[in-house]
Every structure is written in C-alpha cells, then in structure tokens.
Amino acid sequence: MGITDLRGEWLAAKRALFEKYYGRLNGKQREAVFTVNGPVLILAGAGSGKTTVLVERIGYIIRFGNAYMSDYMPSDVTEEDVARLKRALDEPEEEIAKILPSFAVNPCPEYRMMAFTFTNKAASEIKARLGSVGGIDAGFIWAGTFHHICMLILRVHAEKLGYKEGFTVYDADDSKKAIKEAMKAVNADERMLPDAAVIRAISRAKDNLMDPELYERDMAGDLRARAIAQVYRRYQADLKRSNAMDFDDIIMQTVLLLRTFPEVADYYRARFRYLSVDEFQDTNIAQFALIRELTGPADNLMVVGDDDQSIYRFRGATIENILSFDKVYKESAVIRLEQNYRSTSNILDAANAVIAKNRNRHEKSLWTERESGTKVQILPLPNQDREAGFIMKIIKDTVGNGGCRYGDFAILVRTNALCNYLEQHLIRAGVPYRMIGTVRFNTRKEIQDIRAYLSLLVNPDDDQRLLRIVNEPSRKIGAKTLAAIMQIAQQTGQSCFAVMQRADDYEAIPKAARESCKNFTALIGELRQAVDSGKRPDEMIDLVADMSGYRAMLEQDMESGEDRLNNIMELKSTALSIMQRRDDKSLSCFLEELALQSDVDNYDSAADAVVLMTVHSAKGLEFRNVFLPAMEDGIFPNSRALLEGSEGEEEERRLAYVAMTRAKDNLVITYARERMLYGQTSIGLPSVFLADVPDKVKTGPAELREDRRRAVPGHAFPARQKEAEKPVAKPKSEPIPKWREGDAVVHPAFGKGEILSVRPAGPDSILEVVFETAGTKKLMASAARLRPASE
DNA sequence: ATGGGGCTGCTTTTT
DNA sequence: GCAGCCCCAT
C-alpha cells in the first residue's frame, strides 16, 4: 500500500468510526456536529432535533476538537493500525468511544466554550445533558441567556462604565416607574406621549445600540422623538445615579464596554474559542453586535435558528440577522435540518400550509417519517364557556380512559388575558394545571417589597427601591418628609439614603421625622451587617421580614396577610432553589437571578398537570396534545399586530406556526362565535389562518369552508369599535347583587354589618351599611364585596 | 399621615 | 375586567 492510500484509508476509517458513534443522528445533524471551525449557520426547522445537535456539537468539540474534518494523520501510522480501526467498526459503542479520543485535534476545554440560549431552562438542560457525557465538566461552560452572560462580564467590569459594584437590575416594572418619573421631571406632555410609547421607544433605541445622544441626533427632525430623547436622557441619568441597569442596558452596556475597552474585548476573544447561539432568529441588533464583539479572529461561531419561528419582533428581534448571516460571514457553512421528529404528518402539513404564505423567509420543506395520525380538529363553539367546557371534557375523558396523563396536555393562547376563563374552567373541572407566565409571581407587592429591602442592602443608591419600602410598614415618614429628602438629594447629588443618614444636618427635614429616618438607616445598616457576616439569601429574607416589621404588619392583616406571608415563604424557596443552581450564593447573585428569571424557567415537564401558557412561552417546548383556543380573527392574528402591516401579519403567521408545531400527536383548534374579552362581549370570525389548513388534514364542520370572509383588521374585536357599532350590552351580563334594607351582610374588610338603606343609581345602587365595628359606610352595590351573612 | 373608595383608562407577545 | 391613581374622610 502506498503512503497516499494508507492516509486515505486511515482517514476514511476514522470518519467511519465517528459516523458510527454518532449513528443516532441523521446525516445532516452529523454534518452540523462535525463542522466546528469557522462560521456555521444551521437552519433548523421545528422539531428537527436542534437541541440534540447543539448539545452533541459542544460535547464533540470539547472531547474531540476538529477530529472528523481534520486531515491530520500521525506519522507513525501503519497498515496494521488501519486494519485495527476497520475491525473496531464492528465493536460495540463503548469500545469505539475508547478509541475516538486518540483522534482529537485541538479539543476545546470547557471554560473556553460559550453558548447563548434563549431561556435559563434551556441552558441548564444543555449543561445537564453534557454533564452526563463522560469526561465533561459542564459547570465550566459559559452557557446562559444573553442577559446572564452579559451579567457575568458586567459584574467584573461595570466599574469601568461608571457603575458601582452590586448594581441593581431593574425589571420591566421598575423601569416603567423610573421612566414615568423621568417624564415628570422633564415635563413631558402626557397627551402627546403615552408612557407605553416612550417605554417602547427607549427600549427599541437600546436594542439598536443608540444612547440618548445618538438617538437625539438621529431623530432630530421629529418633534415627538425629540421629546422622547429628553426623557431618555433623563431616565439614563437616573439609572446611573441609582446604580441600576434595565434589561436592555445589560446588553447595550456590555457592547459599549467591549467597544470602549479593547483590552477587555481582547481578553474574552482570546479566552473563548467557540461560540454558539440558539434561537438566533430572535436576536436583535445589540445581541448580534455582542456576538460579533466576542467572536475571535477564527470566527468559530455557530448559530442555530429557524426564521419561521421568529416571534420577538416587538422586542427588537430582527429576522434580518438570520436571513443575512451568510452575507455577514461570507465563508459560513449553511446546514439545513429539515426532518421533523416531533409531529404527525397531518399536524406538520397543517403548520406548513400556514407558514407557506409568508414571503420573507428561507424556502424550506419540513418532512416527517411519522404516520399521518389523527386529523387536526378545528371546531366552532357558541361561546367561550362552551369552548372551555369542551376542552375540559376531552382532557378528562382522555385521562379517564387511561390514554394520557394531565401532563400530556397543553393549552396555548395568543394573549395572557385569555388565561382567565380557561383557568376558571380548569379549576371548576378539577383538572390539575400549571399556569406559566401570567401574573408573575414576583410582581406581587409583598415580593417586590422584600426584594426592595434586599436590593437596598447591596445598593443603597437606588432611590426608587428605597422609596418603595421606606414607609412600608409605616414608619411615620410621609410624603412631606420624603419630598424634603428627595429635594436635598437632588441638590447635593447624594442618594436619599445618604441624606437620611444625616437627617439631623438638614433643616428642611421635619424634626419629628429625623429620628425615624435615622432608625430606618440604622435598620438597613444592621441588616447589611448580617449580609456581611455571611447570612445566606434565604436567611436574609426571614431577617428582613422580622426586623423591618413587615411580618408583624402582615400578621395584623386578617384579610390577606396569611396569603402574603406564604408568598414570602415561597420567595424563600425560590432563593433556595436558585442557590442550588448557582455556585455564587451571594445576595446580589440571588437578586440578579430573580430579576432575570423567566416564568418558563420554572416549567416542570415531569409534573402531571395541564399547562396553560402563551404561545411565546411555549417556544422550544413540545406536548403530545395541544389545544389552541380562541383562534379568532382579531385575537389570532391579533388585530393590533395587523395594524403594523405585512410584517405584523407575517409574524402572526409565524406565531401560529410555532403554536401548531408544538403538538406531537393531537392538535385541537377551537374558536367561539361569541366571546367576552376585556369586559365586552363580541362576535368573532374564525381566524384567517384556519382557511389555509388543507381539507385533507383537518376535520370539523363544513361551514368552515364557506364562512370565510376576510375580516378587516381590528374589526372583529371591539376594542377599537365606534360607540354606535358596539354590540348591545347584555343586561344580564354581570348581575349586580340585589340587597334589601335589613339584610345582614359581611364585608371582607369591615366585617359584619346590616343594610340601612338602598338607593338606586342607574343599573347600580348605593347602599348604606352599618358595620358592627367599622361604623356606617356608603358603598356601591356592584363594587362592594359584600356577601350575605348566612351564619 | 393613612387608608379606602371610586373613577379612569387601557387591554400583544417578554428577557 | 382590572389596575393604577386620585381624592376624600378619618
């Protein structure tokens, strides 16, 4: 055998061994795993095993480097070696696994690997799966969301940008408040500038890496934009003074850091040899810029995504990132994964038909080897209660038959508001369920309050959080005192906390309040000492609740105090689970995680409960049976989205595509003729998307095919209808309780009482009630939460 | 200074 | 329908 032949045979045998070892993957998936050097774009259709590829590829690089593709051969290889490799092909996998490491070419240590995921849950899944592969210590991989990875960088370098250690992360609620404050401070005209629009504009500016100056320069012509720029500038200054960053800052400031301090960027570029990005279709300009800053000269960057599943345009995600990736990285390999392993062909055909109408997309054809399965059911129901009842019946019947468990069902909705009636029916039907992403747990007042205390211990400069709890529970520090404190803070450039510490020095602070101020700062000081002495976050929650008097306050509250105390205990268990997950058990790490944690992170697919969530939250998940209720024009596609033109409509289509492709075995789509939403009843038409589903893959009444008239955007649902067109309100809609003089009643706050008089007021009536302990009150019958005192 | 009642306005999707 | 906000009564 000549030397060239020997080389060819050895390489072929090596590759055959790798192919066999990765035999569970299909050819395209293996190609994706083995293509490690240089830029790679993987277009991964729904259910095409994207996560598997991502995990296997990272594991492959760590263990074998570029072994498969490399043409390197050791110089001492003999014919006998080649023969041995060929024989090894017939051996079991464990034996092959022992040989493969000897082929390794530049394997990459864990700590030089970075992986961006869309949720924290996805990151822990990747780590867990890699951890189970022999010899990989997944804990050293930097895997996490964009926000998480940026926080890892910012925590080391934020001081270079003028932030202090332990800066606070503002959630959406915090930043909304701060923006409102900023609007007040610059006298922004609320008529012209609804706060929601300002919040969006500022967020969008940050997504596009525009600081206030840049924004102002760019928008110079536009009066409205100039006003927004003013608010933006003020807001940004307030954030800095409070030593806080909002969600968008976390990304933007990191990019700014890397661009302003090349030595910092160089460090990360040198350290991280391989980057991968999941859900690339949902990245925005700032995120792509970040990726480019972090990618070293070798451009070892892999992105996975599916342009058809891009559903975060409203958050600044730009589908252009994925559509033009191969133009930005000219040498990039493009690999398409088009085999779907998840859904039956009927479900897949239905979803494909809906997405096919979009124009701005990479052409692709997903296929499956799975059988056709049951047809997609599309069913009209007279109203939402019948609709929900129908869904409950299917769930209970199927579980009753032993066909499925509750955990096999998901109900996916377009908007959070739809969760309400569905939840009520789930409760009424006694179906165990888990609701994801609606009223977020952390938005409860008591949670935010405790969190405000805790963050004040780490960052005393945060006036907003200080003001939140300085008088909660009451410390006799009222509006007048606080106004004085804030004014002094503003004038002297100090934080409110610093002013309060030296309350005695300021004449403007009422004498009576000075002692309270000092007591408060002393309390915070004491608590901070507890942190410094090594108390863990879960212990600090207790300590804060006790020492601040918050617990005592709740114990006084007969009405809801117990629930709220339980919520605080729940926060403790959140703290414990976060501490379990993270090596860093500090208070600031806990707070950071709390702010950046999303609700899907808590979704437990093992729990035997029906899951109810928005389509957005369901991204990346799969279920045996999926219900898609409220598939009506105006709701899905959402009429507001349609106002944004064809881009909006295409996104709604993608959203529908995501929703449908979550289903493995059964997909049931329903719509109601009559629906009550936002307090109004209205008539609905089936979603336009339903007409695109081919007849041969769906079942349902024939009327579906005739009843299709294209609805005018915004017409089907009443939100923007003119007064005259509003459907006549049903008088029976919500019966106002009829009370009579002399009725014995119970009020949740005032306790027992008796109706003194009833005076009609339109459809409502005004009640005069005398309570046993609370005296006489006048109440509106519809608003007062009165119950008959039956006992 | 505080707390409750009642009015107004909004209501897509979220790290 | 609900939450946030303002105002009024204690």
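Report on the accompanying structure. Since we're looking at a predicted model, the values are computed, not measured. (Residues numbered from 1 in each chain as written. Chains lettered and ligands numbered in written order. Predicted model: local features only at pLDDT ≥ 70, side-chain atom pairs only at ≥ 80, totals over all residues. Heavy atoms only, no water.)

1. What about the pairing of strand β12 (residues 409–413)?
Within a regular strand, the side chains alternate between the two sheet faces.
Right, on to step 1. Judged by how many residues are buried, β12 sits mostly within the fold: five of five residues are covered.
Right, on to step 2. Because side chains alternate across β12, one face comprises the buried residues Phe409, Ile411 and Val413, and the other comprises Ala410 and Leu412, equally buried.
Right, on to step 3. In this sheet, strand β15 (residues 623–628) lies alongside β12 in parallel orientation, the contact comprising three bridges. Looking at the pairing, Ala410 lines up with Val626 of β15.
Right, on to step 4. Taken together, the four bridges between β12 and strand β14 (residues 610–614) define a ladder with parallel strand orientation. When the sheet's bridge partners are listed, Ile411 is paired in β14 with Leu612. (Buried < 20%, exposed > 50% of the residue type's maximum accessible area, 1.4 Å probe, protein only. Helix = DSSP H or I, 4+ residues; strand = E, 2+ residues; numbered from the N terminus. Pairing = 2+ DSSP bridges.)

2. Thoughts on the sheet that holds strand β2 (residues 113–116)
Right, on to step 1. Taken in spatial order, the six strands of this open sheet run β3-β2-β6-β7-β1-β8, and their pairing is parallel. The open sheet has two free edges, formed respectively by β3 (142–144) and β8 (333–337), since each of these has just one partner strand. Across the sheet, the mean angle from the axis of one strand to that of its neighbour is 10°, orientation sign disregarded.
Right, on to step 2. Pairing analysis gives five bridges linking strand β1 (residues 40–44) to β8, with the strands arranged parallel. In the strand pairing of β8, Leu43 is matched with Arg336. (Axes fitted to C-alpha atoms, helices over the stretch in contact; angles between N-to-C directions.)

3. Things to note about helix α20 (residues 445–458)
One turn of an α-helix holds 3.6 residues; hence residues three or four places apart share an orientation.
Right, on to step 1. Between its terminal C-alpha atoms α20 stretches 20 Å, which fits the 20 Å expected from 14 residues at 1.5 Å a residue.
Right, on to step 2. When you tally the buried positions in α20, you get twelve out of 14 residues, the bulk of the element.
Right, on to step 3. Buried within α20 we find Glu446, Ile447, Gln448, Asp449, Ile450, Arg451, Ala452, Tyr453, Leu454, Ser455, Leu456 and Leu457. (Expected span 1.5 Å × (residues − 1).)

4. Focus: the packing of aromatic side chains
Right, on to step 1. Taken as a whole and judged by the stated rule, the model has 26 aromatic pairs.
Right, on to step 2. Relative to Phe34, the ring of Phe18 lies with its centre 6.2 Å away and its plane at 75°, an arrangement referred to as edge-to-face. Note that Phe18 is positioned in helix α1 (residues 3–21) and Phe34 in helix α2 (residues 27–34), a separation of 16 residues in sequence.
Right, on to step 3. Using a relative accessible area of 2% as the deciding quantity, one classes Phe34 as buried.
Right, on to step 4. Across from the ring centre of Phe288, 5.6 Å away, lies the NZ or CZ of Arg292, which sits over that ring. (Phe/Tyr/Trp six-rings, centres within 6.5 Å; stacked < 30°, edge-to-face > 60°. Lys NZ or Arg CZ within 6 Å of the ring centre and 35° of its normal.)

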